[in-house]
Amino acid sequence: MKRIFVNETVNKIGEKVKVSGWVNVRRDHGKIIFIDLRDRTGLLQVVFAGDIVKKADMLRSEWVVSIEGKIKERPENLKNSKIETGAIEMEAEELEILNEAKTPPFEIGDKDKISEELRMEYRYLDLRDSKMQKNLIKRSEVLGFLNNYFKSQKFVEIETPALTKGTPEGAREFVVPSRKHPGKFYVLPQSPQQFKQLLMVAGFERYFQIARCFRDEDSRGDRQPEFTQLDVEMSFVEENDVMNLIEEAMIKLAKNIFPEKNISSEPFPKLDYDEAMEKYNSDKPDLRKNKDDPNELAFAWIVNMPLFEYSKTEKKLVSSHHPFTAPSEALAKEGKPEDLKAKAYDLVLNGYEIGGGSIRIHQRELQNKIFEILGLKEAEIEARFGHMLKAFEYGAPPHGGIALGLDRLLMILTNESSIREVIAFPKTGDDRDLLMGAPSEISENQLKDIHIKCTK
Ligand code: ASP
């Protein structure tokens, strides 16, 4: 018999079916044993009576079983409106034990009482919890929706390399030693920024990617060393073109995948950076009308940001966004660089920055000038960004784009308090993977292969 999902049993009253899954709980009533069988789609009450009780008596939580039996309507007074299958139950006829299970180190779903470390170490058990399952299924729906949306808008999905050279996004880079080129290193991308711009030079005009990005930051709030961005780039556009496209994507995403949500203001309000700082003392103000409403989504754009700012760690100018961002006005000889505004925009939602982008520089001369203002010497510009400058000399179209942090967006849409709740295998606050045991030492031979000597 072909196995069906638990939630498919609801319209099989009177029929014999086969279900498979995990024993969620077992309740003994002497001659009768009840179990709640759990699979991806929910719970089903299964009743064992008669000879089969002896076998069912062996069952323990989290054992894996297949059960054949008849679906029956429950007596009126025993119906449970809280679960999808609450009006029915299965009368077990055959029970196959597929695998036994040790007692789990915590009760599945009992998240509030267990430590984060234990959850991470046994993530495969933690993920059995219905809330985690729901979150990851939502995540899959969101990715699917965005993929369809951007393709329907004639965007091409293109993958860019993970082994590459640095691109400045304001964080440290993860470095990968090269075995074949002693003393040389790849770095993992902080974003696909340079590649997506080069794809515009290549004539694709509309690119998107669900991109994995890597940033080696000191533990700062709820961040992950690797995270997922919706990365977008378009040619022949101005700021509003990019913002309108993303705005439509967000509105449709909410309506389709999170219909219970309501967006407080459409079109999304646009706030000048200065205005936001003055009025809310924040560049990511929380504009919800009712902060207790879990379904309110207050999106807003922050525009007219400064092109440069003074670095908090060193006394020098750095790009507020990244050095490929176009200035709003021509660079005048006189005037201070820190007074310049950028053709940039950030998207904020309920007090979080969920993305940002800009119109880019597409001319060599201007790009070079920006690098100079940032204090880069000619040789350094050439070594780090020579390929971009060169590409701009071969017919680079005007272009711009944006990236949205999907983990953060999902966290807000699922009303979670941490992005770890919407990532299948996240790392701890200090970047450890407790399940796999990473980072870990590697063998002397591996070290030798990659020409690395450890000092500690
Ligand atoms: N590369 C930028 C980032 O990762 C986004 C963009 O400018 O498109 O934040």
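Note that the coordinates shown come from a computational prediction; the quantities given were computed from them, not determined experimentally.

**Side note on the site of the ligand**
Then comes step 1: Near the ligand, the surroundings consist of 14 residues, among which Glu169, Gln193, Lys196, His322 and Arg360 are the closest.
Then comes step 2: In the model, a nitrogen atom of the ligand is placed 2.7 Å from a nitrogen or oxygen of the glutamine 193 side chain.
Then comes step 3: Relative to its free-state accessible area of 270 Å², the ligand is covered by the protein chains to the extent of 93%.
Then comes step 4: Elements supplying a minimum of two residues to the shell around the ligand: helix H5 (193–201), strand S19 (352–359) and strand S20 (399–405).

**Quick notes on helix H8 (residues 364–373)**
Then comes step 1: Three or more residues of H8 are buried, namely Gln367, Asn368, Ile370 and Phe371. Down the axis of H8, the sector holding all buried residues measures 155°, keeping them to one side.
Then comes step 2: If you follow the buried residues of H8, they end up packed against strand S16 (308–310) and helix H9 (378–392).
Then comes step 3: Remark: glycine 375 follows H8 within two positions and exhibits a positive phi of approximately 85°.

**Here we look at the pattern of salt bridges**
Then comes step 1: Within the structure shown, the criterion is met by 39 salt bridges.
Then comes step 2: Two residues, arginine 432 and glutamate 117, come together in a salt bridge whose shortest N-O distance is 3.4 Å. Placement of the pair is arginine 432 in the loop between helix H10 (406–413) and helix H11 (444–449) and glutamate 117 in helix H2 (residues 116–121), with a sequence separation of 315 residues.
Then comes step 3: Given a relative accessible area of 31%, arginine 432 falls into the partly exposed group.
Then comes step 4: According to the relative accessible area criterion, glutamate 117 is partly exposed, its value standing at 45%.
Then comes step 5: Salt bridges linked by common partners bring Glu116, Arg119, Arg123, Asp126, Arg420 and Glu421 together as one network.

What counts, and where the lines are drawn
- Residues numbered from 1 in each chain as written.
- Predicted model: local features only at pLDDT ≥ 70, side-chain atom pairs only at ≥ 80, totals over all residues.
- Heavy atoms only, no water.
- Near = heavy atom within 4 Å.
- Polar contact = N/O pair within 3.5 Å; in protein donor to acceptor, adjacent residues only side chain to side chain.
- Areas by Shrake-Rupley, 256 points an atom, 1.4 Å probe, with all protein chains shown as cover.
- Helix = DSSP H or I, 4+ residues; strand = E, 2+ residues; numbered from the N terminus.
- Buried < 20%, exposed > 50% of the residue type's maximum accessible area, 1.4 Å probe, protein only.
- Arc of directions from axis to C-beta.
- Contact = heavy atoms within 4.5 Å.
- Salt bridge = Lys/Arg side-chain N within 4 Å of Asp/Glu carboxyl O.

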